[in-house]
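Coordinate analysis (summary)
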Amino acid sequence: MKMIERFSGIFLFAGLLLFSFAVLSLGIIPALMVDRLHPRQGLPTVVPHEMKEWYSTVDVYQKALLRGRDLYVREACWHCHSQYVRPVSNESAYYGPVATPGEYQTVLHLPQLLGTRRAGPDLSREAGRHSNDWHLAHLYQPTWVVPESIMPTYTWYFERDASGVIQPKDDAKALVAYLQSLGKDFEDAQYVVEPEDIMLPPGE
Amino acid sequence: MSAEENTQSKDIDYELIKWHFYAFCFYLIVVLLAGLSYSLQFLQRYPFPGIEILSPGRVRMVHTQAVAYGMLANGLIGITYYIVQKLTNFNVWSQKLARGLFWAYNFLVVTAVAMILAGFAQGLEWAETPKILDPIIAVAAVVMFLNIGHPIWKARDKDFYVSLWYILATLIWFPLTYVFGNFLPEYVFAGTSGAAISSMYIHDLVGLFVTPLGIASVYYLLPVVMRVPLYSHALSIIGFWGLAFFYPLNSAHHYLWSPIPMWAQYASVVTSIGVHVVVYTVIVNIIATIASDWKQLITNFPVRWIFFGTLAYLITCVQCAVQVTMAAQEIIHFTDWVVGHAHFVLFGTFTFWVTGWVYWLLPRIWKTPIYSMSLARWHFWLSLIGIAIMQIDLLAAGVVQGLMWRSMAPFIDTVNASIPFWWVRTLSGIVILCGEVCFLVNLYLTWQDSRGFKPELQIDSSTQVGAV
């Protein structure tokens, strides 16, 4: 017992051994398991219909998605908007299908953006819920489209053109392209947005 | 038992410890102003709307970065230098290096803050430090390990006091945690896999850096400042091994009901409940030590900070075991409950403990009694009342938000329902800010006093931080 009360014991057992055990068992192994079961996917290979106005080729569209993701990170969008739908708390009825490990296996989720807080709604099923114009207006001044919104404004991604009309810069479009790509595969799934659409779960 | 307390020992670089404490005070103000500004965004009253570099999201990251790397890290590292050199009777490997590290480290923190504001944040929670700074910080952490580990290594044949155990283990844990948490999820593992790894960083930064150094600091300060022995050495050892075993395994509880494999989530729930072993041994030990002379709770100012910090630790940890269950997570995950929890543990516990140290050590280094005990008491009570209100308020807000979400109310309705809670949160933050202003004014006046004092005017250490 004396050994573990000494420098070497604390250094080797507490410092290295127990820490490595934890990193392996609850970090690396689950991570490798997910990676093995769900191979990494590439970026979308077609430009979606609603993005054709801005992006003519897949190349430009893919670059815009990555740029949009970077803006999502730098503005800390992910600190207030989560990106996973849980199988509890009626979330699948409110937001759409429950999150699966496979859908996060793209370079857009490197680093991961699952999030731990919802000061605003979850965004993992955001694709197709609002028009591009709605998103642009919402980014410029959220209260124009959601009067009680507490979201900050992102006016620096816009500029006025010669006639004084507010126009989105490329960055604003990239951010919208990214938002419209979130949960693209689940676009047609059922979800609730408007109060009159609320479906109570069975038994309530 | 803990070390001979002779603060006049010329071997220890008190100048450096002073700098670390000054940095603690500096970042304290940064933290409070950033937090206050950000909280105003929730009331649609953000003071700097439309300014890119002061965007609320970026300011939020500055707030948490300044808490962990600026404020608490500086306070705890300063304390660590003191404890290690006192307990081992050896100096750090190089005092010049230690001073160099202070400047290098704080330069990095300030650079990180500036870069986050300029839009170079990394997308990992608690690890928003820009990517290009990560390798430099990892190297700095290893150098600090060698510098502070050196005297511990030289003293390896002696019996270690438990504070040294915690410090030695932290010196190893921190560089490892930092490397795993910043590089793997950034470059190797995406999405769900990345979340499994980066949740380790979210947890271990607090669990394996702030917590062990915090516990080490109270285990040292309490017997010294109260002049009584620690209640039980055996208990503190059980607590240490409990922490070393359970804390690193808690990670996935930050992403419960996520797509991370369920067995990993269940395991993290079980080990999170196991953390109680750690918590109760520490708390019983500290409270029992204070109980050997309850009067000092009133007459001895630093003891008061330790005691209420410990109570806050008890409350957060009991709360932890409840909130970490899968059932509770259904409601409180993603809500302000978690925000309340984080504030209570990082301010209510660790900032309180470091503050106790500052009140004890700075006047001794300055050889000057605290300028005004009245201001100090204001500081204490405003901090205590502020954080208590904030905690209760945010927990309640979390339950309201969670239940409303489950009822599938439109999201904006849940925002509206939270506004009153967010008002109380901001006001309680202002109460805390007022308390800390008392603290800084008091320290400034004490420092001014100290410049008029001659070194030969020795202060009687037992009475210099006076009665209520």
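Residues numbered from 1 in each chain as written. Chains lettered and ligands numbered in written order. Predicted model: local features only at pLDDT ≥ 70, side-chain atom pairs only at ≥ 80, totals over all residues.

This paragraph deals with the overall build of chain A. Along its length, chain A carries six helices and two strands. For chain A, the sequential pattern of α-helices and β-strands runs α-α-α-α-α-β-β-α. For 204 residues, the compact-globule estimate of 2.2 N^0.38 gives 17 Å, and the C-alpha radius of gyration of chain A, at 22 Å, exceeds that figure by more than 25%. C-alpha extents for chain A along the principal axes are approximately 80 × 50 × 35 Å. Across the 204 residues that make up chain A, the buried fraction comes to 42%. Across chain A, every contact between residues at least 6 apart in sequence was considered, and the portion connecting residues at least 24 apart equals 68%. (Helix = DSSP H or I, 4+ residues; strand = E, 2+ residues; numbered from the N terminus. Rg over C-alpha atoms; globule rule 2.2 N^0.38 Å. Buried ≥ 20, exposed ≤ 12 C-beta atoms within 10 Å, placed from the backbone. Contact = placed C-beta atoms within 7 Å.)

Comment: phi is negative for the bulk of residues other than glycine, and the bulk of peptide bonds are trans. A cis amide bond links Leu110 of chain A with the next residue in sequence, Pro111 of chain A, at an omega value of 0°. With respect to the secondary-structure elements, Pro111 of chain A resides in the loop between helix H3 (91-94) and helix H4 (132-140). Of note in this structure, Ala76 of chain A is not a glycine but carries a positive phi near 60°. Considering the arrangement of structural elements, one finds Ala76 of chain A in the loop between helix H2 (58-74) and H3. One non-glycine residue, Met408 of chain B, lies in positive phi territory at about 60°.

Here we take up the packing of helix H3 (residues 95-118) of chain B against helix H4 (residues 134-154) of chain B. Residues and elements named next belong to chain B. Where H3 meets H4, the axes come as close as 11 Å, and the angle between the chain directions of the two elements is 155°. One element, H3, and the other, H4, form an angle in the roughly antiparallel class. Where H3 crosses over H4, the handedness of that crossing is left-handed. From H3, Leu97, Ala98, Leu101, Ala104, Tyr105 and Leu108 reach across to H4, where they touch Ile136, Ile137, Ala140, Val143, Met144 and Asn147. Among the residues making up the contact of H3 with H4, the classes are represented as eleven nonpolar, one polar and no charged. (Axes fitted to C-alpha atoms, helices over the stretch in contact; angles between N-to-C directions. Parallel < 35°, antiparallel > 145°, perpendicular 65-115°, else oblique. Left-handed = near helix turned anticlockwise from the far one by under 90°. Nonpolar A, V, L, I, M, F, W, Y, C, P; charged D, E, K, R; others polar.)

Counting from both sides, the interface comprises 63 residues of chain A and, opposite them, 71 residues of chain B. Of all the secondary structure elements, the ones that give two or more residues to the side of chain A that touches chain B are helix H1 (7-37), H2 and H3 of chain A. If you tally residues by element for the side of chain A that touches chain B, the top one is H1 of chain A, at 17 residues. For the side of chain A that touches chain B, the class distribution of residues is 39 nonpolar, 14 polar and ten charged.

Moving on: helix H13 (residues 373-406) of chain B. Taking 1.5 Å per residue, 34 residues should reach 50 Å; H13 of chain B reaches 49 Å between its end C-alpha atoms and fits that length. Once H13 of chain B finishes, Met408 of chain B follows within two positions and takes phi at roughly 60°, a positive value. (Expected span 1.5 Å × (residues − 1).)

Next up on the list: the confidence of the model for chain B. Residue and element names in this part refer to chain B. Per-residue pLDDT for chain B averages 91, and the proportion of residues at 70 or more is 94%. Counted against residues more than four places away or in other chains, residues 1-9, with its pLDDT under 50, gives ten contacts. Here the predicted complex scores 0.92 on pTM and 0.91 on ipTM. (pLDDT = per-residue confidence, 0-100.)

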